Amino acid sequence: MKLTIAPLSTPGSISYEACEAIKNAKHLFIQTECHPSSKWLREYGCGYMAMDDIYDEAEDFDELNARIAERLLSTEEDAVYAPVGRGVSDALLQALKQRALTLSNDTRIVVLPGTGYADAAIAAAGQPFSASQAMVAAASTLPDAIDTHIPLCIEEIDTRLRASEVKLALGEYYPDDMQVIFCHMEQDGTYSCKSIKLYELDRQWAYFAATTLLIEPCGLEELSSYGIDSLVDVVNRLRGLSGCPWDREQTHKSIEASLIEESYEVIDAIDRDDMSALCEELGDVLLQVVFHAQIESEKHDFNIRDVTTGIVQKLMYRHPHVFGSVSVSGTEEVLKNWDELKNKEKHLGSIADTLNAVPKSFPALMRSQKLIKRASKGGYEPYGAVEGIDALIAQAEALKANIEAKGSSNAKGSDAAIVAMLGDMLFTLCQAASGLKIDAELALMRRDDEFCDKFSQDISKSSECSVNKD
């Protein structure tokens, strides 16, 4: 059996091949007879079976597609299915293929090309056709990242609710008062087009399966909301020949401190539970990432897409329980697998390799805890919380005795023994913190903040007292 999908397209635009297939069909099925594109079938005298009853009865799209597929493949003879518009949805095509697999006959599905609503609407609006034109159906999910630099057509805005959903989705990218073209198919199959503001999309007089929205390209300066692609564009312009002199002069080395500073400001916003500040600081960190990628893009070494490709591949590789067939019992097994995959990926064959892989540029407390954690997997037994405190007390007593024996005046930074003993104490303190599952670096950062606050308050009170005495 051969099932030919011959799109009815829009009135007057059906292809010769589709038209001939429909006229010569032994068994003709159509999507609906309640559409201008189907009108000529009645006039021509074609006998057909419509799917309107299934559309009325189906409770969801899965049932709808399954029942249509069952009806279309219910005959052992060749048949033709004539959907309106460009053709069938991906979901229905998959349902047809699944249904075909259950049949004993050799079922073939042939899909003929058709003209969609967007094509007809663009022509009716007098807009130029573009090879880069993005066309999506309102019933499907809009792209996660809309490219505002190219024309966008959204078909099948068939209800006011659908129009409202599309408006809200587009509002994440375009200004609410941006001019767009609303194209509505009349009963005779012709399009009426008018310019409206985006916020007016769900306030129109009527909606139909062929209703289409046309959105022209929008420049950076016209937008009110931006994605990472816009950030890449801005940095590219800042670094360009007619950009900013300061930005053009920067190198990886000249801005490396900024990445560290911005990261700590993110931590500060989290600690203060300030979500507005967190949003801003995350943007500052993202700028550093894009800036470094742009510098390398100019050298043709890598670009921001290579960066995002690398991290996506890494996350998928290290989460085989999500993107593969691996099963895990819980978080502990996830972390175990993560470490094993990471070591394999980075060719770290021994514990010594993993220790040497800890960046020396890390803050000292952070590096200590990383080293302790990795060494413990190779037989090193770090102090527990209580043992660490006991050892710290003993080391503090030894340091005190050393200083007293030498005299406080001789306890200078150049004294190697005292420096080593202080290092031992800090390392032991990191082991105690690890035993308590406390991040020593963050703990000290927060203590620094408390010191600054208290000192500032004391200074303020002291100043007030001096003024009052005067």
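On a predicted model such as this, the values are computed, not experimentally measured, just so you know.

(A) Structural detail: the packing of helix H8 (residues 228–239) against helix H11 (residues 275–298). Here H8 crosses H11 at 55 degrees, and the two axes come no closer than 10 Å. Accordingly, the angle class assigned to the pair H8 and H11 is oblique. For the pair H8 and H11, the crossing hand works out as right-handed. Judged by residue contacts, Ile228, Leu231, Val232, Val235, Asn236 and Arg239 of H8 engage Leu286, Leu287, Val290, Phe291, Gln294, Ile295 and Glu298 from H11. For the contact of H8 with H11, a count of residues per class yields nine nonpolar, two polar and two charged.

(B) Spatial organisation of the pattern of salt bridges. Throughout the structure, instances matching the rule amount to 14 salt bridges. Here Asp53 ties to Arg71 by a salt bridge, and the two come within 2.8 Å at their closest N and O atoms. You can see Asp53 sitting in helix H3 (residues 52–57) and its partner Arg71 sitting in helix H4 (residues 61–72), a full 18 residues away along the chain. A relative accessible area of 31% places Asp53 in the partly exposed class. Between Arg67 and Glu57 there is a salt bridge, and its shortest N-O distance comes to 2.9 Å.

(C) Expanded view of the packing of aromatic side chains. Under the criterion given, the structure shown has four aromatic pairs. Residues Trp40 and Tyr44 carry aromatic rings whose centres are separated by 6.2 Å and whose planes lie at 65 degrees to one another, so their mutual orientation is edge-to-face. Here the residue Trp40 and the residue Tyr44 both occupy positions in helix H2 (residues 39–44), the gap between them amounting to four residues, near one helical turn. For Tyr44, a relative accessible area of 48% gives the class partly exposed. Seen in terms of ring centroids, Phe182 and Tyr207 are 6.0 Å apart; in terms of plane orientation they differ by 90 degrees. Their pairing is edge-to-face. Separated by 25 residues along the polypeptide, Phe182 in strand E8 (residues 179–185) and Tyr207 in the loop between strand E9 (191–197) and strand E10 (212–215) bring together distant segments of the chain. Under the relative-accessibility criterion, Tyr207 is labelled buried at 15%.

Cut-offs used in this document
- Residues numbered from 1 in each chain as written.
- Predicted model: local features only at pLDDT ≥ 70, side-chain atom pairs only at ≥ 80, totals over all residues.
- Heavy atoms only, no water.
- Axes fitted to C-alpha atoms, helices over the stretch in contact; angles between N-to-C directions.
- Helix = DSSP H or I, 4+ residues; strand = E, 2+ residues; numbered from the N terminus.
- Parallel < 35°, antiparallel > 145°, perpendicular 65-115°, else oblique.
- Left-handed = near helix turned anticlockwise from the far one by under 90°.
- Contact = heavy atoms within 4.5 Å.
- Nonpolar A, V, L, I, M, F, W, Y, C, P; charged D, E, K, R; others polar.
- Salt bridge = Lys/Arg side-chain N within 4 Å of Asp/Glu carboxyl O.
- Buried < 20%, exposed > 50% of the residue type's maximum accessible area, 1.4 Å probe, protein only.
- Phe/Tyr/Trp six-rings, centres within 6.5 Å; stacked < 30°, edge-to-face > 60°.

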